[in-house]
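Descriptive analysis of the structure
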Amino acid sequence: MTLDITTTASDSPRSESEVAEILANPGFGTYFTDHMFTLEWTPGEGWHGGRITKYGPLSLDPATAVLHYAQETFEGMKAYRHADGSIWTFRPEENAKRMTRSSHRLAFPVLEPDDFVQAVDELVQVDQRWVPEGAGEKSLYIRPFMIASEAFLGVRPAQHVTFMVIASPAGAYFKGGVKPLTLWLTEDYTRAGRGGMGAAKTGGNYASSLVAQQEATANGCDQVVFLDVAEGKYVEELGGMNMYFVYADGHVVTPETGTILEGITRSAIIELAQKKGHQVEERKFSIDEWREGVASGDITEVFACGTAAVVTPVGTLKWDGGEVSGKATDDAGPLTMEIRRDLVDIQYGRADDAFGWMHRVC
Ligand code: PLP
Ligand code: COI
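These figures come from a predicted structure and were not determined experimentally.

Right, let's talk about the overall build of the protein chain for a bit. Each helix and strand counted, the protein chain has 8 helices and 18 strands in total. Rg of the C-alpha trace for the protein chain: 21 Å, near the compact-globule value of 21 Å for 362 residues, within the 12% margin. Overall, the C-alpha framework of the protein chain stretches about 60 × 50 × 35 Å when taken along its three principal axes. Partitioning the intrachain contacts of the protein chain with sequence separation of at least 6 by distance along the chain shows that 72% fall at a separation of at least 24. Split by element, the accessible area of the protein chain, about 15,600 Å² in all, is 49% carbon and sulfur.

To continue, consider the site of ligand 1. Near ligand 1 there are 17 residues, and of these Lys201, Tyr206, Glu237, Thr265 and Thr307 occur at the shortest range. Here an oxygen atom of ligand 1 sits 2.5 Å away from a polar atom, N or O, in the side chain of Thr265. One nitrogen or oxygen atom from the side chain of Thr307 is found 2.5 Å from an oxygen atom belonging to ligand 1. Compared with its free state, where it exposes 380 Å², ligand 1 has 96% of that area covered by protein. Every element with two or more residues in the shell around ligand 1 is listed here: β11 (235–238), α6 (264–275) and β15 (299–306). Classifying every residue of the shell around ligand 1 by side-chain character gives 6 nonpolar, 7 polar and 4 charged.

Here we come to the site of ligand 2. Within the structure, ligand 2 sits among Phe74, Gly76, Tyr141, Arg143, Tyr173, Lys201, Gly240, Thr307 and Ala308. Contacts to ligand 2 include Tyr141, whose side-chain N or O atom sits 2.6 Å from an oxygen atom. Between Ala308 and ligand 2, the recorded distance is 2.8 Å, taken from a backbone N or O atom to an oxygen atom. Relative to its unbound accessible area of 280 Å², ligand 2 is 88% covered by the protein chains. Partitioned by chemical class, the residues of the shell around ligand 2 number 4 nonpolar, 3 polar and 2 charged. Residue contributions to the shell around ligand 2 reach at least three from each of two domains, namely domain 1 (6–170) and domain 2 (181–347).

At their nearest, the axes of α6 and helix α8 (residues 334–347) sit 10 Å apart, and the two run at 110° to each other. Looking at the two axes, α6 sits roughly perpendicular to α8. Read as a crossing pair, α6 and α8 show a hand that is right-handed. Residues Thr265, Ala268, Ile269, Leu272 and Ala273 of α6 lie in contact with α8, whose contacting residues are Ile339, Asp342, Leu343 and Ile346. For the contact of α6 with α8, the residue count by class is 7 nonpolar, 1 polar and 1 charged.

This part is about the packing of aromatic side chains. Aromatic rings in a pair are described by how distant their centres are and how their planes are angled relative to each other. Applying the stated rule across the entire model yields 12 aromatic pairs. When the ring of Tyr80 is compared with that of Tyr348, the centres are 5.1 Å apart and the planes differ by 80°; the resulting orientation is edge-to-face. Separated by 268 residues along the polypeptide, Tyr80 in strand β5 (residues 77–81) and Tyr348 in the loop between α8 and β18 (358–360) bring together distant segments of the chain. Side by side, Tyr80 and Tyr348 carry an identical accessibility label, which is buried.

Taken as a whole, this structure holds 20 salt bridges when the rule is applied. Among the salt bridges present, the one from Lys284 reaches Glu256, with a minimum N-O distance of 3.2 Å. Taken together, the residues Lys284 in the loop between β14 (280–283) and α7 (287–296) and Glu256 in the loop between β13 (252–255) and α6 connect sequence positions 28 residues apart. For Lys276, the salt bridge is made with Glu338, and the minimal N-O distance between the two is 2.9 Å. A residue pair is termed long-range when its members are at least 10 positions apart, and Lys276 in the loop between α6 and β14 and Glu338 in helix α8 qualify at 62 residues.

Below, the discussion takes up the nonpolar core. Nonpolar side chains in soluble globular proteins tend to be buried together. Of all hydrophobic cores here, the largest spans 47 residues; its most connected members are Phe37, Trp47, Phe116, Val124, Met146, Phe163 and Val165. With sequence-adjacent residues up to four places away left out, Val124 is seen in contact with Ala79, Ile87, Val131, Leu140, Ile142 and Val361.

Between helix α3 (residues 92–105) and helix α4 (residues 113–126), the shortest axis-to-axis distance is 9 Å and the interhelical angle comes to 125°. Between α3 and α4, the interaxial angle falls into the category oblique. As α3 runs across α4, the sense of the crossing is right-handed. Residues Pro92, Glu93, Asn95, Ala96, Lys97, Met99 and Thr100 of α3 lie in contact with α4, whose contacting residues are Pro113, Phe116 and Val117. Its residues placed into classes, the contact of α3 with α4 shows 6 nonpolar, 2 polar and 2 charged.

By the assigned domains, the protein chain splits into domain 1 (6–170) and domain 2 (181–347). Centre-to-centre, using C-alpha coordinates, domain 1 lies 27 Å away from domain 2. Contact residues are listed per partner, giving 22 residues for domain 1 and 23 residues for domain 2. Between domain 1 and domain 2 the total buried area reaches about 1,900 Å² when both faces are included, carbon and sulfur atoms providing 54% of it. Between domain 1 and domain 2 we count 2 salt bridges in total. Seen at the junction of domain 1 and domain 2, the total is 14 residue pairs in polar contact (both at pLDDT 80 or more). Put simply, the parts of the chain that give the side of domain 1 that touches domain 2 at least two residues each are β4 (72–74), β5 and α3.

Here is what the cut-offs are and how they apply
Residues numbered from 1 in each chain as written. Chains lettered and ligands numbered in written order. Predicted model: local features only at pLDDT ≥ 70, side-chain atom pairs only at ≥ 80, totals over all residues. Heavy atoms only, no water. Helix = DSSP H or I, 4+ residues; strand = E, 2+ residues; numbered from the N terminus. Rg over C-alpha atoms; globule rule 2.2 N^0.38 Å. Contact = heavy atoms within 4.5 Å. Areas by Shrake-Rupley, 256 points an atom, 1.4 Å probe, with all protein chains shown as cover. Near = heavy atom within 4 Å. Polar contact = N/O pair within 3.5 Å; in protein donor to acceptor, adjacent residues only side chain to side chain. Nonpolar A, V, L, I, M, F, W, Y, C, P; charged D, E, K, R; others polar. Domains from an automatic or database assignment. Axes fitted to C-alpha atoms, helices over the stretch in contact; angles between N-to-C directions. Parallel < 35°, antiparallel > 145°, perpendicular 65-115°, else oblique. Left-handed = near helix turned anticlockwise from the far one by under 90°. Phe/Tyr/Trp six-rings, centres within 6.5 Å; stacked < 30°, edge-to-face > 60°. Buried < 20%, exposed > 50% of the residue type's maximum accessible area, 1.4 Å probe, protein only. Salt bridge = Lys/Arg side-chain N within 4 Å of Asp/Glu carboxyl O. Core = buried A, V, L, I, M, F, W, Y, C linked by side-chain atoms within 4.5 Å. Buried area = accessible area lost by both parts, 1.4 Å probe.

Structure follows, in structure tokens:
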């Protein structure tokens, strides 16, 4: 415990019946808990003013730097309620360390990982009644974020920075449940180049993905796949998920890190798959390997993963002028579902936490 945090309870929390109604059908990212966490930074004072207060709108000067130059980073993580009522987060120190890496890229001051975890823990403790029962894979989605809060229009790192944590009860990210996604391969847009921000979790990457996502939707697809910028040849990731390819001989390939987001689910899956005896390759993976592997049957399963999406099967890949569908087009493949189950069983406390991934909040 290194941060000094004051808590002022909301004077208008949701009633128990309102919370129960929301938790029965939370959707994703629509409802927010009663409180939020705020911490500020200035060069003179460092990080200070840690507080949990009533959830509500921010008042920002129109010249606030983040509104103009997008100096911001964020994280996405979840709190899970176990059968005994206890509440746990999954590898929160990994989110904290990733925010540190994103902060370096975005020229932000570093928030110590312990302070990040403490802030998340204390908000979740205060709003613990918002963590749904685990049935139906519900959870409390937690969104820590950092913004340039200085009112100044010059282009330089902000001298006033605000770190906040908000939380939102969540059901499945995809409305249709666990059914294979259809992906759109964009050949017009890229997400990140060498020296760019691809590995940082920063709003600009998501802003740049939206037009490509629109293209995907217009072509009847669920999500968009991005290729590398240098050669337009290697698979990177989806707008908010990493990718996995399962071969008939049992080995598994995931695109190497560098310009993609270093997913915490992705790294957990490497360990889960290896423990099951699968060889895992982190390497460049070309779009031709995908097309040809699925068409020939060498690739038997494709799936995407992330905190919000968990593990989601991929059925068909479409592009301008063609498409390819694998074996597991209507139903998820067996390894996809096994890995998914292994992961959620650990997260919800139904399986032994052999990797030491879970962190008890309360
Ligand atoms: N890739 C992108 C672009 C993402 O936004 C996310 C989600 O956070 C992921 C991958 C998966 O990362 P994680 O497993 O840490 O949620
Ligand atoms: C997450 O999985 O936590 C993300 O931030 C991805 C976003 C698409 C919701």
